[in-house]
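This is what each chain is made of:
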Amino acid sequence: MLDHDFHPPLKVREVGWNRCMCCAKPFWSENVIAVRLCNGCKEHHDRRAGVARGGAG
Ligand SMILES: [Zn+2]
């Protein structure tokens with residue numbers, strides 16, 4: 001059974017409500033697979049990640 005007629009040009013993303021794995025608050029995520037932190041926690045996470053990659057902590 002071929003489903004060649006079901007290939008959308010756009011990449012399917014898992015969009016929906018996700019629960020922040022940091023503060024456990026529900027938040028809307030456009031990619032529940034990649035984005036698992038709410039906006040507030042994501043900023044902290046990105047900042048810490050940037051510092052860690054920078055070297056001098
Ligand atoms: Zn959070």
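The preceding data block contains the structure.
Presented here is an overview of the structure given in this document. (Residues numbered from 1 in each chain as written. Predicted model: local features only at pLDDT ≥ 70, side-chain atom pairs only at ≥ 80, totals over all residues. Heavy atoms only, no water.)

### What to know about the pairing of strand 2 (residues 26-29)
In strand 2, alternate side chains face the same way, and those of Phe27 and Ser29 are buried while those of Pro26 and Trp28 on the opposite face are not. Relative to strand 2, strand 1 (residues 16-19) is paired through four bridges, and the arrangement is antiparallel. Counterpart to asparagine 18 in the pairing with strand 2 is phenylalanine 27. (Buried < 20%, exposed > 50% of the residue type's maximum accessible area, 1.4 Å probe, protein only. Helix = DSSP H or I, 4+ residues; strand = E, 2+ residues; numbered from the N terminus. Pairing = 2+ DSSP bridges.)

### Notes on the environment of glutamate 30
If you trace the backbone, glutamate 30 turns up in the loop between strand 2 and helix 1 (39-54). Between the alpha carbons of glutamate 30 and tryptophan 17 there is a distance of 8.5 Å; along the sequence they are 13 residues apart. Apart from residues lying up to four places away in sequence, glutamate 30 is in contact with Arg13, Glu14 and Val15. (Contact = heavy atoms within 4.5 Å.)

### A few points about the packing of aromatic side chains
Here the structure, examined in full by the defined rule, presents one aromatic pair. On the numbers, 5.5 Å between centres and 80° between planes, the contact of tryptophan 17 with tryptophan 28 is edge-to-face. Highlighted residues: tryptophan 17 in strand 1 and tryptophan 28 in strand 2, separated in sequence by 11 residues. (Phe/Tyr/Trp six-rings, centres within 6.5 Å; stacked < 30°, edge-to-face > 60°.)

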